Amino acid sequence: MKGFPPDIRVEKEIHSLSKDYELHILCNATKGQSIHDEFDGVKITRIPASLRRSFSQLEIILKQDSSIWFNAISDFVSKSQIHVLHVHDLPLVGVALKVAQKHGIKLVADLHENYPAMLKESTRIPLYRIRNLGNLALKLFFSEKKWRNFEEKFLPLSDAVICVVEEAKVRLAEIQVKNELIYVVPNYNLITEGFSKSSSISTNNKGIFTLLYAGGVDDTRDLNTLIESLKHLKVGTDNLKVVVVGADSKSKIQLESLAKSCGVDHLLEVYTWVSREKVETIMNSTDVGLVPHRKSEHTDTTIPHKIFQYMFRGLPLIVSNCAPLERIVTKYDCGLVYTSGESLSLSKCIETLYEKPSLRAEYGEKGKIACTENFNWSEAEKKLLELYDNITT
């Protein structure tokens, strides 16, 4: 329901599908975006901001349905002569299925997350940190059972279901989605032609051992355990730094306050939102990539894009023992795994990589090779193209 662009995953799907199919996009308009637009030759239709549109999110949360979106999608299908409706994430699957049935077309449900589990985690956010009406409604009216029943009712009726990791495929099969209708299309990096493996290596020439976390900042990312781990360090406190990129202003204050109370504020540097280009610059002077997510049903059935960005840059990894993270890091021997929520376990991983630069280089090289040979979009898109071959023949 958000605007487009930007959306890295959608951009990559456009890159792959536009070679053989005519694509059209329907999305919300955000500030400064026109109602009719193009992106890489793909026509975009946007729903303008209005009070009715704002309440459509509330309508979906409360009713798991939306007359606003049903009418918008149905009109879009008619005008653009859509043959396959490809909807992103669970909330609009029910509405999209009704439209698909009305027009006699196919439906692809593209699931970025284990949505019920993600909502369950998000409702842990304190009221004072809630920023909008939709999140407030989730906090007040969220029903885990209702959303799980919704999944079980509508996903098996889709013509195809996309997920981002193998662990999610297993979960979908458990709710009666047929195995042959589930396609794992991971959110790997799009590696362009002419790419040199050596060109992706990050090099820190400043003499400061730098660990980077880039991404959203909330309780599920468990940055508190990361900060608390720093007080256990027995080495590196004079030339070590943890950089966090992606906090909002309130989260920044909270993280810095925790660091100060732990006596490690001199080791922490927090950025609020920065451009992709700035993140790339920071990665180029980083020694270790961090994914400290708290282990839960949600994080055990999804995978953050950042792990592949780190690997693409040749960064050794330190990750929590969420199932997909542990599987990848262990299989490809590209970093260390600690026990989620245990700050002492994490501090030992930091110390190991601080003291062993040769091990950092070995892990980074193995991760970079795995990323370029296995975890790249040219591999992921094969399943996406297979799906469309199957659904359009």
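Visitor: Got a minute to help me understand the nonpolar core in this structure?
Guide: Nonpolar side chains in soluble globular proteins tend to end up buried together. Judged by nonpolar contacts, the single largest core of 87 residues is most densely connected at Leu155, Leu172, Ile307 and Met311. Not counting chain neighbours up to four residues away, the residues in contact with Leu155 comprise Leu90, Val93, Ala109, Leu111, Phe150, Val161, Leu172, Ile175 and Val177. Ranked by size, the runner-up nonpolar core spans 32 residues in total, among them Leu226, Leu233, Val242 and Leu359.

Visitor: Would you take a moment to explain the sheet that holds strand E4 (residues 84–88) for this structure?
Guide: Strand order in the open sheet formed by four strands is E4-E5-E6-E7, and the pairing between neighbours is parallel. What marks the edges here is a single partner per strand, and that holds for E4 and strand E7 (182–184). For this sheet, the mean inter-axis angle between neighbouring strands, taken without regard to orientation, is 20°. For strand E6 (residues 160–163) and E7, the ladder comprises three bridges, and the chain directions are parallel. Bridging from a neighbouring strand, Cys163 pairs with Val184 of E7.

Visitor: Explain the environment of Thr220 to me, please; I cannot follow it from the model alone.
Guide: If you trace the backbone, Thr220 turns up in the loop between strand E8 (209–214) and helix H9 (223–230). Taking the relative accessible area as the measure of exposure, Thr220 reaches 13% and is therefore buried. When the C-alpha positions of Thr220 and Glu59 are compared, they lie 26 Å apart, and in sequence the two are 161 residues distant. Filtering out sequence-adjacent residues up to four positions away, Thr220 remains in contact with Glu121, His293 and Arg294. In this structure the side chain of Thr220 is engaged in a polar contact, spanning 2.5 Å, whose partner is the side chain of Asp218. Within the structure, the side chain of Thr220 is placed 3.4 Å from the side chain of Arg221, a separation counted as a polar contact.

Visitor: Where do I start with the side chain of Asp287 in this structure?
Guide: As for its position among the elements, Asp287 is in the loop between helix H11 (276–283) and strand E11 (288–291). Of the buried charged residues, Asp287 lacks a salt bridge, with Arg360 as the closest side chain of opposite charge at 4.3 Å. Within the structure, Asp287 has its side chain in polar contact with the backbone nitrogen of Thr210 (distance 2.8 Å).

Visitor: Please clarify how the packing of aromatic side chains should be interpreted in this entry.
Guide: Each aromatic ring pair is summarised here by two numbers: the centre-to-centre distance and the angle between the ring planes. This structure, assessed with the given rule, holds ten aromatic pairs. Ring plane angle 85° and centroid distance 5.3 Å describe the contact between Phe209 and Tyr354, whose orientation is recorded as edge-to-face. You can see Phe209 sitting in strand E8 and its partner Tyr354 sitting in helix H14 (residues 343–355), a full 145 residues away along the chain. For the pair Tyr332 and Phe375, a centre-to-centre distance of 4.9 Å together with 75° between the ring planes defines the contact as edge-to-face. Here Tyr332 is found in helix H13 (residues 323–332), whereas its partner Phe375 is found in the loop between helix H15 (357–373) and helix H16 (377–391), with 43 residues between them in sequence. Given the relative accessible area of 22%, Tyr332 is considered partly exposed. Residue Phe375 is classed as buried on the basis of its relative accessible area, which comes to 6%. Among the aromatic side chains, those forming a connected cluster through ring pairs are Tyr115, Trp147, Phe150 and Phe154.

Visitor: Can you help me understand the pairing of strand E10 (residues 268–271) in this one?
Guide: Each regular strand carries side chains that alternate between the two faces of the sheet. Across the two faces of E10 the burial differs, with Leu268 and Val270 buried and Glu269 and Tyr271 not buried at all. Bridge analysis of strand E9 (residues 240–245) against E10 gives four bridges, and the strand direction is parallel. Along E10, the bridge assignment pairs Val242 with Leu268.

Visitor: Mind showing me how you'd approach the sheet that holds E9 here?
Guide: Sheet strands line up and pair through hydrogen bonds in the backbone, either parallel or antiparallel. Taken in spatial order, the six strands of this open sheet run E10-E9-E8-E11-E12-E13, and their pairing is parallel. Strand pairing shows two members of the sheet lacking a second neighbour, E10 and strand E13 (335–338), which therefore form its edges. Adjacent strand axes in the sheet meet at a mean angle of 20°, parallel and antiparallel pairs treated alike. Of the strands in this sheet, E9 and E10 touch helix H10 (residues 249–261), which is tilted by about 175° from E10.

Visitor: Would you mind going over the environment of Pro292 with me for this structure?
Guide: Relative to the elements of secondary structure, Pro292 occurs in the loop between E11 and helix H12 (306–312). Under the relative-accessibility criterion, Pro292 is labelled buried at 2%. Spatially, the C-alpha atom of Pro292 lies 26 Å from that of Leu90, the residues being 202 residues apart in sequence. Those residues within four positions of Pro292 in sequence are excluded, and the remaining contacts are Tyr213, Arg221, Asp222, Leu223, Ser320 and Tyr338.

Visitor: How do you make sense of the environment of Gly94 when you look at a structure like this?
Guide: Of note, Gly94 is situated in helix H4 (residues 93–103). For the pair formed by Gly94 and Gln64, sequence separation is 30 residues and the distance between their alpha carbons is 7.4 Å. Aside from chain neighbours lying at most four places away, what touches Gly94 is Phe150 and Phe154.

The rules behind the values
- Residues numbered from 1 in each chain as written.
- Predicted model: local features only at pLDDT ≥ 70, side-chain atom pairs only at ≥ 80, totals over all residues.
- Heavy atoms only, no water.
- Core = buried A, V, L, I, M, F, W, Y, C linked by side-chain atoms within 4.5 Å.
- Buried < 20%, exposed > 50% of the residue type's maximum accessible area, 1.4 Å probe, protein only.
- Contact = heavy atoms within 4.5 Å.
- Pairing = 2+ DSSP bridges.
- Helix = DSSP H or I, 4+ residues; strand = E, 2+ residues; numbered from the N terminus.
- Axes fitted to C-alpha atoms, helices over the stretch in contact; angles between N-to-C directions.
- Polar contact = N/O pair within 3.5 Å; in protein donor to acceptor, adjacent residues only side chain to side chain.
- Lys, Arg positive; Asp, Glu negative; His and termini not counted.
- Salt bridge = Lys/Arg side-chain N within 4 Å of Asp/Glu carboxyl O.
- Phe/Tyr/Trp six-rings, centres within 6.5 Å; stacked < 30°, edge-to-face > 60°.

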